[in-house]
Amino acid sequence: MKNYTWPEPPNQSGFNIAKPGYPYITAGVFATAIFAIIHFTLFAFISIIATFFCCWFFRDPDRVIPTEPEVIISPADGKIIKNEISECPFIEGKFQKVSIFMNVFNVHVNRIPFGGVIKKIIYLPGKFFSANLDKASEENEQNALIINTTNEKTICVVQIAGLVARRIICYIASDDEVKQGTRYGMICFGSRLDVYMPLDANITAKIGEKVKAGTSIIGYMA
């Protein structure tokens, strides 16, 4: 049986909502109230459904992380769509690349896959192709996190906007010390994460596998 630990103190509420969702939810509640007051019943109904959807979409459940040594955990909920050797556009050399596709029904809060120090954060504006397409990694809006890990390796995690996504959120900055499994950002409304790991890492993720941020293991550092 695997052992797990909390990377962050658990929240006290029964249903946690990520802070970026507050403006959407507030707007939905306000619109619902206005439509109800002026007796636009249909619009009030549509508005309250949209508000509930936003509450559900921006859900931010607490997660536990495995305590096995040298594990690399998934930074996102979703489905593994790539597992290959690839050059990284943000670091020189070749890496093992795992891509995770998040559809609109997944939790979209992103977590640190391996502890260390943030060497650099690189943001690139771009297009909005569907995140499951290969060209999304090259042409879409993206935000790359380069981590100098605690075992003196380098990992690059890239948030990539999708067809519907129009906002990449990153809470941390260069030189921040980060702990494995902690929240660091999210992408609104459908997206993808590419994880570039050292060539000597033992990648266990399989194409088609469904993973959860913080809890699922995608590989082991050598």
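Residues numbered from 1 in each chain as written. Predicted model: local features only at pLDDT ≥ 70, side-chain atom pairs only at ≥ 80, totals over all residues. Heavy atoms only, no water.

(A) Fine view of the sheet that holds strand β9 (residues 154-161). One open sheet holds the eight strands; their spatial order is β11-β7-β8-β9-β13-β5-β4-β15, and the pairing between them is antiparallel. In the strand order of this sheet, the two ends are held by β11 (177-178) and β15 (210-211), each with one partner. With two bridges connecting them, strand β4 (residues 78-87) and β15 associate as antiparallel partners. The residue of β15 that forms the bridge with Lys 79 is Lys 210. (Pairing = 2+ DSSP bridges. Helix = DSSP H or I, 4+ residues; strand = E, 2+ residues; numbered from the N terminus.)

(B) Broad picture of helix α1 (residues 22-37). Taking 1.5 Å as the rise per residue, α1 with 16 residues should run 22 Å; its terminal C-alpha atoms sit 22 Å apart, in good agreement. Within α1 the residues assigned to the buried category are Ile 25, Gly 28 and Thr 32. Down the axis of α1, the buried side of the element spans an arc of 60°, and every buried residue falls inside it. Seen from the open side of α1, the exposed residues pointing more than 90 degrees away from its buried face are Pro 23, Thr 26, Phe 30 and Ile 37. Structurally, α1 contributes buried residues whose contacts are with α2 (41-57). Positioned one or two residues after α1, His 39 has a phi angle of 65°, which is positive. (Expected span 1.5 Å × (residues − 1). Buried < 20%, exposed > 50% of the residue type's maximum accessible area, 1.4 Å probe, protein only. Arc of directions from axis to C-beta. Contact = heavy atoms within 4.5 Å.)

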